[in-house]
Amino acid sequence: MPSFHKVSEYMIKSTVFEKELMDLQKKYLLRNIVSRSSPQGPIITIKGKKYLNFSSNDYLGLASHPEILEKAGKALKKYASGSGASRLLGGGSDLHAKLEEQVADFKVTESALIFNSGYSANIGIIPAIASEGDVIFSDELNHASIIDGCRLSQARTVVFKHRDISHLKSLILKEKARRKIIITDTVFSMDGDIAPIGEIYKLCLSLNSSPLTPHPLLLYLDDAHGTGVLGKGRGALAHFGLKPEPWIIQMGTFSKALGSYGAFAAGSRDVISWIINNARSFIFSTALPASVIAASGASISIIKKNRSLIKKLWSNRDYLVNSIKSAGYDTLKSETPIIPLLIASAKEALTLSSYLYRKGIYVPAIRPPTVKEPRLRITVSAAHTKEQLDLLIKTLKRYCKERG
Ligand SMILES: Cc1ncc(COP(=O)(O)O)c(C=O)c1O
């Protein structure tokens, strides 16, 4: 296996966690960081060698877009490097406020608030909107940051079967609580399938129209992988043709299809005001620097005026997933640019990832505890060329042939 899958001698010998690390290594579950010496993109450089990259969530290839780099560069010069403090202590710039207006307009909500990352948004917003006495209904494949947000909230968390509306409904009807909140990823980050948001919306609508409900049932959507990808870029609600309601809170990230960094909450003015006053990861953390904010704003403007990138992303995605399926791989129920290749074991997943790496293609292996079933996680972008997709397909086919 190539060196990136091996733990270094130094690490094993000098740590108090030697036994635990060795155990992970024996089970093929030890993780290591791979460092690039190039920008993010379809081609990356690792240790001086170029690799075809299928590991990035930069779905539209915006991370290197010249207009974005120019806006970020100008903001860096004007506002300098750090932001100096949290937003509430004066760490925010007028660019922060402008970006929030842009996000609210993009998501058609009354208001929006920037967070430092998607992780920080979930562990801040969820405990702000749910606490002891409340019940959260969480899809079993929700992202780790949602799980951590639920834990921090101290609300009772009830997990419903993946995308299973009748299970969700039966749990909601069974539970007695002050406030009930449904939380789901819109696009599941490791499986690439889409939550049945149309049906969840209808369920909320029917339960919220009952005069017996003291508080409306809230719906919290983590649109990290939907923003910029679904609904002509506007995200999952637009994809399903739904309008944002006062009881819906949308979270999204700038770090994936928008090619920048950070995250946001979008919702009614009251909800956002409540979050500003209660989300600890917002209150007690230094604001993002203006250069990053400028990049996110430029990204939204590009997506709004240039639909061709999203079209290209979807045609690349359809081409790749169909070819991979016809090569005999199981891509689960992927419906998006996140394409899992289900692999029998963690060892096999590492073997295939290493094989591709030797052939100059970088696709990470995802293993427990991140997922139950080991897999390779392929992400395709609008920036990949047909030749690059063909090379991946050809190499995957060759691997099958060589392994019999
Ligand atoms: C569904 C989902 N939510 C939240 C996050 C966290 O976002 P960030 O990487 O900006 O912290 C991720 C990251 O991969 C994600 O996939």
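Residues numbered from 1 in each chain as written. Predicted model: local features only at pLDDT ≥ 70, side-chain atom pairs only at ≥ 80, totals over all residues. Heavy atoms only, no water.

**Q** It is not clear to me how the environment of Leu 173 should be interpreted in this structure. Could you clarify?
**A** Counting through the fold element by element, Leu 173 comes out in helix 7 (residues 165–174). On the basis of relative accessible area, Leu 173 is assigned to the exposed category, the value being 56%. Through-space distance from the C-alpha of Leu 173 to that of Asp 193 is 26 Å; in sequence the pair is 20 residues apart. (Helix = DSSP H or I, 4+ residues; strand = E, 2+ residues; numbered from the N terminus. Buried < 20%, exposed > 50% of the residue type's maximum accessible area, 1.4 Å probe, protein only.)

**Q** Any chance you could explain the nonpolar core here in plain terms?
**A** Phe 115, Phe 137, Leu 168, Ile 182, Tyr 220 and Ile 275 are the most contacted members of the largest nonpolar core, which totals 84 residues. The leading source of residues in this core is helix 12 (residues 290–305), at 7 residues. Looking at which domains feed residues into this core, each of domain 1 (3–54 + 307–402) and domain 2 (66–305) gives three or more. Residues within four places of Phe 137 in sequence aside, it is in contact with Val 158, Phe 160, Leu 168, Leu 171, Ile 172, Glu 175, Lys 180, Ile 181, Ile 182 and Ile 183. (Core = buried A, V, L, I, M, F, W, Y, C linked by side-chain atoms within 4.5 Å. Domains from an automatic or database assignment. Contact = heavy atoms within 4.5 Å.)

**Q** Got a minute to help me understand the pairing of strand 10 (residues 338–342) in this structure?
**A** Extensive coverage of strand 10 is indicated by the burial of 4 of its 5 residues. Where strand 10 and strand 13 (residues 375–379) come together, 5 bridges link them in antiparallel fashion. Residue pairing in the sheet places Leu 341 in a bridge with Leu 376 of strand 13. (Pairing = 2+ DSSP bridges.)

**Q** Explain the sheet that holds strand 5 (residues 156–160) to me, please; I cannot follow it from the model alone.
**A** Within a sheet, each strand pairs with its neighbour through backbone hydrogen bonds, oriented either parallel or antiparallel. Taken together, 7 strands build an open sheet; the order of strands is 3-9-8-7-6-4-5 and the sheet is mixed. Each edge of the open sheet is held by one strand with a lone partner, namely strand 3 (111–115) and strand 5. Neighbouring strand axes in the sheet, compared pairwise and without regard to direction, differ in orientation by 20 degrees on average. Taken together, the 5 bridges between strand 4 (residues 135–139) and strand 5 define a ladder with parallel strand orientation. (Axes fitted to C-alpha atoms, helices over the stretch in contact; angles between N-to-C directions.)

**Q** Could you clarify how one ought to interpret unusual backbone geometry in this entry?
**A** Negative phi is the rule for most residues except glycine; trans is the rule for most peptide bonds. At the junction of Pro 368 and Pro 369, the peptide bond is cis and its omega measures out at 10 degrees in the coordinates. Looking at where Pro 369 falls in the secondary structure, it is placed in the loop between strand 12 (365–366) and strand 13. Although it is not a glycine, Gln 154 adopts a positive phi angle of roughly 65 degrees. By the secondary structure assignment, Gln 154 is in the loop between helix 6 (144–153) and strand 5. Owing to a relative accessible area of 56%, Gln 154 belongs among the exposed residues under this scheme.

**Q** I would appreciate a short explanation of the domain arrangement of the chain in the present structure.
**A** Put simply, an interface is often sized by how much accessible area is lost when its parts join up. When the domains of the chain are assigned, the result is domain 1 (3–54 + 307–402) and domain 2 (66–305). Between domain 1 and domain 2, the C-alpha centre-to-centre distance is 28 Å. Summing both partners gives a buried area of about 1,400 Å² for domain 1 against domain 2, and 57% of it is carried by carbon and sulfur. It is Arg 307, Ile 310 and Ile 338 in domain 1 that bury the most area against domain 2; as a group they hold 37% of the surface buried on that side. The interface formed by domain 1 and domain 2 includes 2 salt bridges. The tally of links from domain 1 across to domain 2 stands at 8 residue pairs in polar contact (both at pLDDT 80 or more). The set of elements that each furnish at least two residues to the side of domain 1 that touches domain 2 consists of helix 13 (308–326), strand 10 and strand 13. Sort the elements by how many residues they give to the side of domain 1 that touches domain 2 and helix 13 lands first, with 4 residues. Here the residues of the side of domain 1 that touches domain 2 are counted per class, giving 10 nonpolar, 3 polar and 6 charged. (Buried area = accessible area lost by both parts, 1.4 Å probe. Salt bridge = Lys/Arg side-chain N within 4 Å of Asp/Glu carboxyl O. Polar contact = N/O pair within 3.5 Å; in protein donor to acceptor, adjacent residues only side chain to side chain. Nonpolar A, V, L, I, M, F, W, Y, C, P; charged D, E, K, R; others polar.)

**Q** Mind showing me how you'd approach the site of the ligand here?
**A** Close to the ligand lie 14 residues; Gly 118, Tyr 119, Asp 222, His 225 and Lys 256 are nearest. Within the backbone of Gly 118, one N or O atom sits 2.8 Å away from an oxygen atom of the ligand. A distance of 2.6 Å separates a nitrogen atom of the ligand from a polar atom in the side chain of Asp 222. Considering the ligand on its own, with 390 Å² of exposed area, one finds that the protein chains cover 84% of that surface. Counting residues per element, the shell around the ligand draws most heavily on helix 5 (residues 118–129), at 3 residues. Broken down by class, the residue content of the shell around the ligand amounts to 2 nonpolar, 9 polar and 3 charged. (Near = heavy atom within 4 Å. Areas by Shrake-Rupley, 256 points an atom, 1.4 Å probe, with all protein chains shown as cover.)

**Q** Explanation requested: the side chain of Thr 336 in the structure shown.
**A** Relative to the helices and strands, Thr 336 resides in the loop between helix 13 and strand 10. Polar contacts involving the side chain of Thr 336 include one to the main-chain carbonyl oxygen of Gly 192, which spans 2.8 Å. In this view, Thr 336 contacts Val 187, Gly 192, Ile 194, Trp 314 and Arg 317; residues no more than four positions away in its chain are not counted.

**Q** Which parts of the structure should I look at to understand the environment of Arg 31?
**A** Within the secondary structure, Arg 31 is located in the loop between helix 2 (18–26) and strand 1 (43–46). For Arg 31, a relative accessible area of 48% gives the class partly exposed. Residues Arg 31 and Ala 365, 334 residues apart in the sequence, show an inter-C-alpha distance of 9.6 Å. Residues in contact with Arg 31, not counting those within four places in the same chain, are Arg 367, Pro 368, Pro 369 and Thr 370.

**Q** What should I look at first to understand the sheet that holds strand 13 in this one?
**A** Strand order in the open sheet made by the 3 strands is 10-13-12, with antiparallel pairing throughout. Two strands close off the open sheet at either side, each with one partner strand: strand 10 and strand 12. Where helix 13 meets the sheet, it contacts strand 10 and strand 13, and its direction lies at approximately 10 degrees from that of strand 10.

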